[in-house]
Structures are given as C-alpha cells and as structure tokens.
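Below, each chain spelled out in residue letters.
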Amino acid sequence: MDFRLLGSVAAVAADGRELPVGSAKRRSLLAMLLLNPGAPVTVDRLTETLWDEEPPRHSRTVIHNHVSGLRALLAAHGAPDGGVELVTDGGAYLLRVPDLAVDTDRFERLLRSARTTPDAAEAVTALQEALALWRGPALAGTAPSVPLQCAAHALEELRLAAVEELARAHGRLGDHGAAAGVLSTEATMNPLREPLVAALVLALGRAGRRSEALDWFHRTRRALAEELGIDPGPDLVEAYDFLLHTPAAPPRRSDRVPPPRVATVGGLSSVPDSHPASGAALAPGAAGAPVAPPTPVPPTPVPPARPPRTAPWPFPRRPRGFSGREDELAALDRAAAGPGAIAVVTGGAGIGKTTLALYWAHRRQDDFPDGRLFVDLCGHSPLPERSTPAVLRELLLGLGLPAEQMPATPEALAARYRELTADRRMLIVLDNARRSDQVRPLLPDGEDCVTLVTSRDRLGGLVASDAARPVPLAELSPPQAVTLLAATLGADLVAAEPEAAARLACLCDGLPLALRLAAARVATGPARDLALLVDELADEQSRLDLLEIEDTSVAATLALTVQHLSEPARRMFHRLGAHTGTTLDSRTAAALADCRPAEAATALGQLATAHLLVEIGRDAYTLHDLVRLYARSLPGDIDDQVLPRLLDHLLNTLVAACDAAEPGSEPCCALPPGTRPADVRPFPDRASALAWYAAERDTLRGAVDAAVAAGLHDRAWRLVLLQWPLIVWQVRDGWVPLLEHGLAAAEADHDPAAQSRARALLGWVLLEEGRHEQALVHLERAPDLAARAGDGAAQAVALMNLAVALGRYGRNARVRGLLVRALSLAERADRADLAALARQHLAHACLADGAPEEAAHHAARGLALAEPPFPAARRVLLQTLYGRALAATGHPEEAARHLDAAVRTARAHQYEEGEAGALAALAALQGLPTATATASAGATASASAPGR
C-alpha cells in the first residue's frame, strides 16, 4: 500500500486503486499521521490540524470517529499484511508504514541521491523521477489549518529547490535549453522568486536566447518595483550583467526553436515549410521576436508535391493563466509516447480540454520539428459540424499542397493526406470531436506523428479500434481552483479574501470556464469584491445568469452538449433538474422520469458519456450543481408529479434502510396514504444502510426543503424521522436544524404522534449537544403528545428519552418511574426492541441507585429480548451492564464471563466504544485502575439512544 501527499492526499491499494478516504478532515488526519510516520501524534496536535479556529466541544469524539473509520478502511484493503498499522498510543495515534511507502520519503531520497552524485546525467534522472511524484499542490484536499499549510509550504520549497537542482544538472551537461524549459514554468508561477528567475535568465542566455532572457529580466524588474517597491537583488543583477558582457553564442542544435511551420485556414492551424520572409528565427512564446539571424544557406529546391507556404499563419497561442493539471499533462506525455500515438482528452463543457491540449502542444513544440496542425471539428459548436472532405482539404493546404493540386474525391484526399504525413514528425490537434467516425479519416499515417483529440464524449470506439489512450479531465480541486482565480485576478486579491475565494471555487464546481467568468465579473466590476460575488452566486435562481459575460456563458456551453443528446437522454436530463441532491442511481432516475430502471440506466449512461453526469461507481452518478441548475432552467413543462414521485421513492428507500440499520425494529412511522410503491436498492447489512444514509444526507435535506415548499408536509416530517438510525449513530453532527424543520412540518400536518417523535429525537440531540434546558422543553412535551395520539410506542420512546435526560443531570427522582412506564407501554405495544431498550436503561439506572439485584434482573431480561436480528451494539451494552451488576452482587466469575463475551462481540462488529466500556468494567472487576469505567459505560449507553 502506498500513500501520497504530493498532490491530493490519498491512500493507494496494492492493485493501484485509490481508497475512498472520505472527507477533508479525515484526509487532514491521515496527512498529519503520514507527515510523522511511526511517531505518536497527540490529540491536541490533531485538533490543531482539523480545525483552524475554535474546535467544537466534541472534537475528541470526531477525531476518534475519523481514526476508527480510517483504521477500518485500511484493514478492509489488507493494510496489516503490507506492514501498515494505525495504533493508539496513550493519548496519541501513530501510523506505522514501510520504508518509502509515502511519496514524500521517496521524493526526499531521490533529491538526496541527486545532490550527492557527481554524475550530472544521473542527477538529472533522479531529479526527474523525484519531480514526477508531484501530482499537484502538496496536501491538496485537506483542511486549511496552520500545521498543514506550514507543511505544504515546506514541501513546496523542497520542490522548487529540486527544480533549481535539475536546471543546474542540465547546465552541467551543457543542455541549457532543457534548463530553461525546466525553469520557465516555475518562474511563471513564482514571478517574484528572484533566484529562480535569475537562473532562468542565465540558462536562456547560455542557450543563445538572449532576447527572451532580457525580456524576463525587465519583466521581473518591473514586477518587483510595482508590487514590492524594491529593485532587483544581487542574483538577478549578476545574471543581467552576464547577458550584457558575454558575447552572444549561437544556440546548440537542441536549444534551437524549430522554424515556424504553422498555418491557419478557417478553423485550421498548420506549420509552413519555409521560414518567414525576413529569415529571422522565432523565439518560443514570442512569435515574430527576432534573435540572432541564422547563417544564410543556399535555397533548397522544394518538391512540387510539398511547396512552401507563402505566409506564416501561427498555431493558436499559448493559453494565458493556465495553472495546475500536472497529472493530466503527465498523462498526455505518457499517451503520446508510443508510435503513431493517439490521445483523447475527454471532459464536460467548460472543463478546459482545448486549453490543456494547446498548453501541452506549446510545451512539447520542440518534439515536432515538422510542425503542428490544429483544426476545430465543431462537434459541439454553434457552427455546423465540419465535413470530412472540407477538413482534409484544409489539412492538405496546411501541409503545403497547392489548391490546384488538390484531389477531387474524398478517398483521394484521404490517401494524399496519409501520404504527406507518412514521413513527418508532427502533431495533429483535432479539437471538439463528437464521434469516433469523425476522427478516423483524419488520423495521420506516420508513426512519428502524434494525434491529440479533444471531445465532450468518451469516444470509446476510437479507443477500441485505434488504440487511442483516453486522458479524462475532471473538475479542478478546490486548491487548484483558487490558484486559477489567483492567476486570473492576482494573488493579492485572492489572498485578501481566502474564505470567499474557496467558497467561489465551490460554487463554480471547479469548472475552469465558470471560474474565469466569475473572475471576469469581479475584475470588471466596480468593487472588485469576491465576497459580494459569492453572496450573489449563492442564490441558485441567479447563479447561471451571473456566469455569463457577453457571448460566453456556462449555460451556452452546456446547451451545445444537450442539443446532441438522444430524445430519451434529453428528457431524462430535463427531469434531473427536479432532483434534490447531487448523487443518484437508475432507480432514483426512474422515479424522476416515470420510467423503468433499465430505461433510466440507458439514459444515465448516455448522459455520463456526454460528461453531463460523472460516473462514480456501478450504477452510481453525481450531478454537479451548475449542470443541475441548467437542467432546471430548460424550457418546457415537467409534470407536477415529478417531485411527489421522488419523495415517495426516497421514503420507500428510507424504510428499507431502517430495516437494515436496525434489524428487529419497526418503522417509526407508516408511509402516508397514496404513497407510490418503488423499486428500491437492496441493503445487505447495517453498514451498507448507514453508508447510504451518510451519502444521501444532502439529498434528503433538499427533499425535506422541497416537500415543505410544495406543501407536502406529510412527506416532509417522515423524510426527517426516518433518518433516525444515522442521527442516533452520529448524534453530534449538526442535526438540530433538520429536526426543527421536521417538527414544523409535523405541526403543519396536525399529527401529534409525529410531533411527539420529532420532539423526542430533537430533545435527545440537544441533550447530546449539552443544551440541557432546551432539550427538556421538547422531552417534557413529547410523552403527552404521543398519549394524545394513542401511540404507545412513541410514548415509550419519549418517556425513555426524558428519563435519560433527567438522569444525565442528576435529577434521579423520576427516572426509574418513567422507565417503568416506558417498559409497560413497550410490552403492551408488543415492541420487543423498545422493551429491550427500556430494560437496558433501567439496568443502568438501578446500578446508579445502588440496586444491583434489580439491575441484573433487567439486564438479563433485556438480553433475552436482544437476540439477533437486533443490532449487536444493543447486546454489547446489555452484557456489559449485566456483568457490572453480577460483579456488584458478588458473582465475579459469571460477571467476567459476560464481560469477556461483550468484548468479543464488540470487536467482531468493530464497536470500539462498546469494547472500551466492557474492558473498563472488566478492569474494575480484576482490581485494575478503573478511572475510565464510569465514563466509558456512560458513553456506551448513549451510543444506542432511544431517540426514535
């Protein structure tokens, strides 16, 4: 198993699959442990890492939960077999990993190797291998806390040091052009880092590219004066003096820029075979800027079939403000490595496919001495799709074939094109393709040619028939998106409003087009205020309108994709606008579109192929907010039953999830009259149900809001209450607003039983958050509401919650009486699950009151009821209470037997809090230190709260 910190924080299994680490906080915890491999990291240090400001009251519990989740994830993927172990060390945690399992360790070893070897070629190889480990900004995807920011800065300094080392190594080999290439990108990203720019100026000068070197010096001098108010330092001044006092040397062959061979006809760019009329060489990135003129040579006759062009039409310029995408650029390097290579850059509208292709083409221009061709196929364009013969004619013109020699038939055009590309080493960029058969006739014949295709579709046919290698392009990560904003707006503006910049990146879904449009709106606005634009974009009704500048908009680019969909896929896309979340499967889509799941699966597959959805698993898709808002904005009527169908589907799925998460329990409420039956996903076990709850939390919250807005209150409160297994399991996770919505919906529906259950659950959550007085307001009212509704089960739940709340704060006089009433009601309602829970709390109360015999009686009766399929956690708690009660009544051997059984059951089900409580009770029984026994027992008692 490998771990990555040089880019997005990730854990990678032995088979190369990246593990689903989870949230930014869990990635942050993993990152801090990996930054200190094999060393204990204290909880206090982890708290500083996860929260930049004041941590929440329950921060230790959150850290414990993240450690538990990470430990389970590693164990599930064979980490112990690979020498990876996450262990607890007193009040700290440490992660043991094998040597060089973390990419930072491999990077530093390669850097040390390069610095110690006297062989410059070996140093180049080691440094290139080290820098190839970087996949983006270090520690990406983690929380913006001071410890991680400091670590990321230190790693970035090491990376820049490695870049400078690599340039020096190239210089020792005399390859100054390669040194300049290494330094130029970094100098662009760090324009005020004087040693870096000075090294670039020297490399360019030694490579014979003096005009570029002088341009870099004067550009940096101006930037230092304007932004910092200072003059260049000694490094930069010395580099400038070197340029002025060293005779110009002709560039080495490897340092020369190939003669421009680029022409554009319509949407086509190509490279002509001759130099410009002036005979001046062109410096890369500065077309037309003269440098030392080449030595005149006698003109070489040109074969009639390949006459020179009469004017130099340039290749599309290098994209401005390009940032990030190092992983994708590296993937393009790999895809272009083989003979006759074909790379297909795929991604959704506005994702930056053409920008990436052009940036790569400029970066690799020296690899194509016979030129580069660029053509827009208009596959997704306001213009008509271009015909193959027309494109071939323009390609042949770009290759130097005169119009009078142009073949007459499509077949002859294709044959001539293949003939003229057979012996050339060139790059063909086919932009904006829609179908594989649109691309195949345009593939060159030469094995030294590289074809780079961009498309909004996957072009799987081209992969199958022509061994094309896909390079999928995803949305920018939050740090990459912020970097793009800084490159567009200026680093100072973004640094002044970091929170607004991060929020803006999220609202734009990491889509480069949306980010550039947002940046343009800020740059051209009177206030230049990021926070103001964020507030405006937060309104979903106006977000797409704001992401439109003159003739460019997110909506327009999406429209070009949608217009090419099949009718069923277009219909499905329209209905996705009514979805209340970002994830869906074929069953959910079938409910939205009122069709069979098989039909929905076909339509979703087509939408994913067009990159309007992102496929994240088997029959699992995610829908970005901007795409969903565009779907919602499409004209045309959607039947008024779309939302009710979605709500009914979610309610049916919630009932199935409840059955799996709490086997043996009955639903807390019946489905409302008229609920449509639904084909719901299966839940094989409790873990799968809880995972679904967690994944769909935002969808369910949106469904509650939509149901309330539509006046469907009977659906709204059920959507809230049926989430109780996750609410109880993650009780301190900010549930109060949702439960307040549920209570308001129950009151609007005039349903006292629903009000009782909502108040009982809300009171329990408030109690766990330490808001005791607010909790009691709801908990005291809940039993009477249930009694008024004649719902004995709801009344039992309410009484138990009230009793636990009173006992928690030492108001014990009413506790046992309330629990006895709850037990009676549960038995009268024939609810074994509630009866077992009531006896669990009675056993706990009796132990607290010094009545161990009664505690043992209730615990034993509860154990008899808590046989499978009831959750194992319930049995662990009852066995622990029974063991404590037996110990208190003088039966230590029997007590130890039950406590051992509780420990084994807890371990088998990875119930760490239950295991801790049983171990504490066992330690007390054996006369060991028991300082944590009471606290652990209380924690385990609350882990299976009666808040339903």
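Residues numbered from 1 in each chain as written. Predicted model: local features only at pLDDT ≥ 70, side-chain atom pairs only at ≥ 80, totals over all residues. Heavy atoms only, no water.

## Some points on the overall build of the chain
- Each helix and strand counted, the chain has 43 helices and 19 strands in total.
- Buried residues in the chain amount to 51% of all 948 residues.
- Looking at the chain alone, contacts between residues at least 24 apart form 68% of all its contacts between residues at least 6 apart.
- Split by element, the accessible area of the chain, about 40,700 Å² in all, is 53% carbon and sulfur. (Helix = DSSP H or I, 4+ residues; strand = E, 2+ residues; numbered from the N terminus. Buried < 20%, exposed > 50% of the residue type's maximum accessible area, 1.4 Å probe, protein only. Contact = heavy atoms within 4.5 Å. Areas by Shrake-Rupley, 256 points an atom, 1.4 Å probe, with all protein chains shown as cover.)

## Section: the confidence of the model for the chain
- This prediction gives the chain a mean pLDDT of 83; 90% of its residues lie at or above 70.
- Per-element confidence in the chain ranges from a low mean pLDDT of 26 for strand β8 (residues 282-283) to a high of 95 for helix α31 (residues 713-721).
- Segment residues 251-314 is flagged for pLDDT under 50; beyond a separation of four residues in sequence, or across chains, it makes 129 contacts in the model. (pLDDT = per-residue confidence, 0-100.)

## Topic: helix α3 (residues 59-76)
- Compared with an ideal rise of 1.5 Å per residue, which puts 18 residues at 26 Å, α3 spans 26 Å between its outermost C-alpha atoms and is within 8% of the ideal.
- The complete set of buried residues in α3 reads Ser59, Val62, Ile63, His66, Val67, Ser68, Leu70, Leu73 and Leu74.
- Gly78, located one to two residues past α3, shows a positive phi value of around 75°. (Expected span 1.5 Å × (residues − 1).)

## Examining unusual backbone geometry
- Non-glycine residue Leu100 carries a positive phi angle of around 65°.
- Structurally, Leu100 can be placed in the loop between β5 (92-96) and α4 (103-116).
- In this structure, Leu139 is a non-glycine residue whose phi angle is positive, near 60°.

## A word on the sheet that holds strand β17 (residues 583-584)
- In spatial order, the strands read β17-β19-β18; together these three strands make up an open sheet with antiparallel pairing. Edge positions in the sheet fall to β17 and β18 (614-617), since each of these pairs with one other strand and no more.
- Pairing of β18 with strand β19 (residues 620-622) involves three bridges; the strand directions are antiparallel. Considered in β19, the bridge of Gly617 is made with Ala620. (Pairing = 2+ DSSP bridges.)

## Some details on the sheet that holds strand β4 (residues 85-89)
- If you walk across this open sheet you meet the three strands as β3-β5-β4, and the pairing is antiparallel. On the outer flanks of this sheet lie β3 (41-42) and β4, each paired with one strand and no other.

## Description of the pattern of salt bridges
- Applying the stated criterion across every chain, the model contains 47 salt bridges.
- Measuring nitrogen to oxygen at the nearest pair gives 3.5 Å for the salt bridge that ties Glu165 to Arg168. Placement of the pair is Glu165 and Arg168 together in helix α6 (residues 146-172), with a separation of three residues, close to one helical turn.
- In this structure, Glu567 and Arg571 form a salt bridge, with 3.7 Å as the shortest nitrogen-oxygen distance. In this pair, Glu567 and Arg571 both sit in helix α24 (residues 567-576), four residues apart, roughly one turn of the helix. (Salt bridge = Lys/Arg side-chain N within 4 Å of Asp/Glu carboxyl O.)

## Digging into the packing of aromatic side chains
- Under the definition given, this model contains seven aromatic pairs.
- Centre to centre, the rings of Phe217 and Tyr240 are 4.0 Å apart; their planes meet at 10°, and the pair counts as stacked. With a gap of 23 residues between them, Phe217 in helix α9 (residues 210-228) and Tyr240 in helix α10 (residues 234-245) connect regions that are remote in the sequence.
- Relative to Tyr630, the ring of Phe573 lies with its centre 6.2 Å away and its plane at 40°, an arrangement referred to as tilted. Here Tyr630 lies in helix α27 (residues 625-633) and Phe573 lies in helix α24, a separation of 57 residues in the sequence.
- Classification of Phe573 as buried rests on a relative accessible area of 1%.
- Residue class for Tyr630 comes out buried when judged on its relative accessible area of 9%.
- The rings of Phe683, Trp692 and Tyr693 are connected pair by pair, giving a single aromatic cluster.
- Directly above the aromatic system of Trp216 lies the positively charged group of Arg219, at a separation of 4.2 Å from the ring centroid.
- One cation-aromatic arrangement involves Arg686 over Trp729; the distance from NZ or CZ to the ring centre is 4.6 Å. (Phe/Tyr/Trp six-rings, centres within 6.5 Å; stacked < 30°, edge-to-face > 60°. Lys NZ or Arg CZ within 6 Å of the ring centre and 35° of its normal.)

## Describing the environment of Glu827
- Its place among the elements puts Glu827 in helix α37 (residues 815-828).
- Since its relative accessible area comes to 41%, Glu827 is described here as partly exposed.
- As a C-alpha pair, Glu827 and Ala796 span 31 residues in sequence and 9.6 Å in three-dimensional space.

## Looking at the side chain of Asp585
- With respect to the helices, strands and loops of the structure, Asp585 is situated in the loop between β17 and α25 (586-593).
- Although buried, Asp585 forms no salt bridge, and the nearest oppositely charged side chain, Arg681, lies 4.0 Å from it.
- Only 3.2 Å separates the side chain of Asp585 from the backbone nitrogen of Arg587, close enough to count as a polar contact.
- Side-chain polar atoms of Asp585 contact the backbone nitrogen of Thr588, separated by 2.8 Å.
- Filtering out sequence-adjacent residues up to four positions away, Asp585 remains in contact with Leu604, Asp619 and Arg681. (Lys, Arg positive; Asp, Glu negative; His and termini not counted. Polar contact = N/O pair within 3.5 Å; in protein donor to acceptor, adjacent residues only side chain to side chain.)

## Regarding the packing of helix α40 (residues 872-888) against helix α41 (residues 892-908)
- Between α40 and α41, the least distance of the axes is 8 Å, while the angle of their chain directions is 160°. It follows that α40 is roughly antiparallel to α41 by the angle criterion. Where α40 crosses over α41, the handedness of that crossing is left-handed. Contact residues: α40 offers Ala872, Val876, Gln879, Thr880, Tyr882, Gly883, Arg884, Leu886 and Ala887, while α41 offers Glu894, Ala895, His898, Leu899, Ala901, Ala902, Thr905 and Ala906.
- Across the contact of α40 with α41, the residue classes break down as 10 nonpolar, five polar and two charged. (Axes fitted to C-alpha atoms, helices over the stretch in contact; angles between N-to-C directions. Parallel < 35°, antiparallel > 145°, perpendicular 65-115°, else oblique. Left-handed = near helix turned anticlockwise from the far one by under 90°. Nonpolar A, V, L, I, M, F, W, Y, C, P; charged D, E, K, R; others polar.)

## A few points about the environment of Gly91
- Within the secondary structure layout, Gly91 lies in the loop between β4 and β5.
- Given a relative accessible area of 55%, Gly91 falls into the exposed group.
- Between the C-alpha atom of Gly91 and that of Asp44, which follows or precedes it by 47 residues, the distance is 9.0 Å.
- Setting aside anything within four residues of it in sequence, one finds Gly91 in contact with Thr42 and Val43.

## Considerations on helix α2 (residues 43-50)
- Inspection of α2 places Val43, Leu46, Thr47, Thr49 and Leu50 among the buried residues, and these make up the whole buried set. The buried residues of α2 occupy one face: seen down the axis, they fall within an arc of 160°.
- The inward-facing, buried residues of α2 contact α1 (24-35), β3, α3, β5 and α6. (Arc of directions from axis to C-beta.)

## Here's the deal with the side chain of Thr675
- Its location among the elements puts Thr675 in the loop between α28 (642-661) and α29 (686-695).
- What makes Thr675 buried here is its relative accessible area of 17%.
- Only 2.6 Å separates the side chain of Thr675 from the backbone oxygen of Pro672, close enough to count as a polar contact.
- Ignoring sequence-local partners within four residues, the contact set of Thr675 consists of Asp648, Asn652 and Arg715.

## Comments concerning the packing of α28 against helix α30 (residues 697-709)
- Their axes nearest at 11 Å, the elements α28 and α30 cross at an angle of 135°. As judged from the angle between their axes, α28 and α30 are oblique. Once α28 is placed against α30, the crossing between them reads as left-handed. Together, Leu643, Leu647, Leu650 and Leu654 of α28 and Leu700, Ala703, Ala706 and Ala707 of α30 make up the contact between the two elements.
- Taken together, the residues of the contact of α28 with α30 break down into eight nonpolar, no polar and no charged.

## Considering the state of the cysteines
- The tally for this structure, following the rule as stated, stands at zero disulfides.
- Cys508 carries a free sulfur, and the closest cysteine sulfur to it, the one in Cys506, is 9.5 Å from it. (Disulfide = S-S within 2.5 Å.)

## Concerning the environment of Asp594
- Looking at the secondary structure, you find Asp594 in the loop between α25 and α26 (597-609).
- Residue class for Asp594 comes out exposed when judged on its relative accessible area of 57%.
- When the C-alpha positions of Asp594 and Met572 are compared, they lie 9.7 Å apart, and in sequence the two are 22 residues distant.

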